[in-house]
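One-letter residues, chain by chain:
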Amino acid sequence: MSLKGKKILLGITGSIAAYKIPILLRLLKKEGADVQVLLTPAACDFVTPLTLSALSQRPALVKGFNPENGSWNSHVEMGNWADMMIIAPVSANTLGKMAHGLADNLLVATYLAAKCPVYFAPAMDLDMYHHPSTQANIKLLQSFGNILIAPNEGELASGLCGAGRMEEPEAIVNVLAGSQKKKASLKGKTVLITAGPTYEAIDPVRFIGNHSTGQMGFALANEAVLRGASVILVAGPVQLKTPHPAIKRVDVTTAEEMNKAVNSVFKKADITLMAAAVADFTPVSAATEKIKKNKNAVPEIKLKPTTDILAGLGAVKRKSQILGGFALETQFEEKNALTKLKNKNLDFIVLNSLKEKGAGFGYPTNKVTIFQRNGKKRTFGLKLKEAVAVDIFDAIEQMM
Ligand code: CTP
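In short, a report on the structure. These numbers were taken from a predicted model, which means no experiment stands behind them.

Further remarks concern the site of the ligand. The environment of the ligand is made up of 14 residues, and the closest members are Met274, Ala276, Asp280, Leu310 and Lys344. Between a nitrogen atom of the ligand and a side-chain N or O atom of Thr306, the distance comes to 3.2 Å. The backbone of Thr307 places a nitrogen or oxygen atom 2.9 Å from a nitrogen atom of the ligand. Counting residues per element, the ones that place at least two in the shell around the ligand are helix H11 (309–316) and strand E18 (322–329). Residue composition of the shell around the ligand, grouped by class: seven nonpolar, three polar and four charged.

If you want it as structure tokens, here you go:
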């Protein structure tokens, strides 16, 4: 595992998001990291050093000097010891101290002494976050080489809604683990992924859709970003959080919206993978009012084909671009997949069969076969979609 044996300083400051840090700490420990927790005095109002000491199996430290027994916690030693430091949540107050070198507590003193990469995940109310002083401090820290884990938009503890919500613990671990991957094998490459279903409106309340959850596409986007790519994820209507803060996500609803979103960025994509389950048909026109029930006259919905996005990309793709699609089949799997590979002018196609137990829509696992344009075929066993994403990107890298 990529964080195994890593020495991590975890700094916590006085923000309500501190309640999530025991979870973050558990995740880091699960990854095999050795974690030293540091708290500002204000952080202790939100989460206890006892909880953090128990979880980290090290005393969670607040002060440099302990007058009761005369012991001394050296910020310099800790700064030298660490492989990386993450300060989460970082309040507006601590951001300011870090940016201006005000070392009036153990956490900030250790930050100033640290020689390792430093990550910081702000959490505060949206007006505080948008204040020019906060934004200027963030920019200053970035100019020092510190790495921002940007807050999400969402409901805030104040009841307001907007930017300022600390990134979720799972995503923070992802960022830290990703930074440890030996090779940033896709650095400098742009990867375009589509995910999820599309919804085609019948009337204002009904639509034609499918059971795709988007999990496979999201796992692919995450894997690409962990390999150093700059990733654009075009997502249909799904219930998933963006797995990594560096992913640029574009939300769409219909096949036509997905077509537009994909085509607006396709030119700059080095690798494109259409994992979305795009509707093949859409109503000729959506009723403007809700269609009322009438037992004597069951409505007929006239359909027209949607644009085949993938085929459109295949028709215009440059030689240097790698283009792949998915084929979800229930019969004649290989033959159908190969037909799509050829007809859509793809470099590869990933086949998953709905007949395989545990594979396809809604399962956390998948079982795929990858067919390449050059006739090469790779078959894989049933595994978690995250692991399938690794296999797919390993295959893509070999094609490059
Ligand atoms: N796809 C697309 N645009 C569409 C439909 C599908 O880009 N309008 C993409 C999917 O994202 C997937 C691949 O094409 O990567 C699937 O091929 P497709 O021809 O859609 O398969 P099916 O629609 O399932 O074809 P059929 O119904 O004939 O099996």
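Burial of the side chains of strand E15 (residues 271–274) extends over both faces: Ile271 and Leu273 are buried on one face and Thr272 and Met274 on the other. For strand E10 (residues 190–195) and E15, the ladder comprises four bridges, and the chain directions are parallel. Within the sheet, the bridge partner assigned to Val191 lies in E15 and is Ile271. The pairing of E15 with E18 spans four bridges and is parallel. Looking across to E18, one finds that Thr272 is bridged to Leu323.

The rules behind each value
- Residues numbered from 1 in each chain as written.
- Predicted model: local features only at pLDDT ≥ 70, side-chain atom pairs only at ≥ 80, totals over all residues.
- Heavy atoms only, no water.
- Near = heavy atom within 4 Å.
- Polar contact = N/O pair within 3.5 Å; in protein donor to acceptor, adjacent residues only side chain to side chain.
- Helix = DSSP H or I, 4+ residues; strand = E, 2+ residues; numbered from the N terminus.
- Nonpolar A, V, L, I, M, F, W, Y, C, P; charged D, E, K, R; others polar.
- Buried < 20%, exposed > 50% of the residue type's maximum accessible area, 1.4 Å probe, protein only.
- Pairing = 2+ DSSP bridges.

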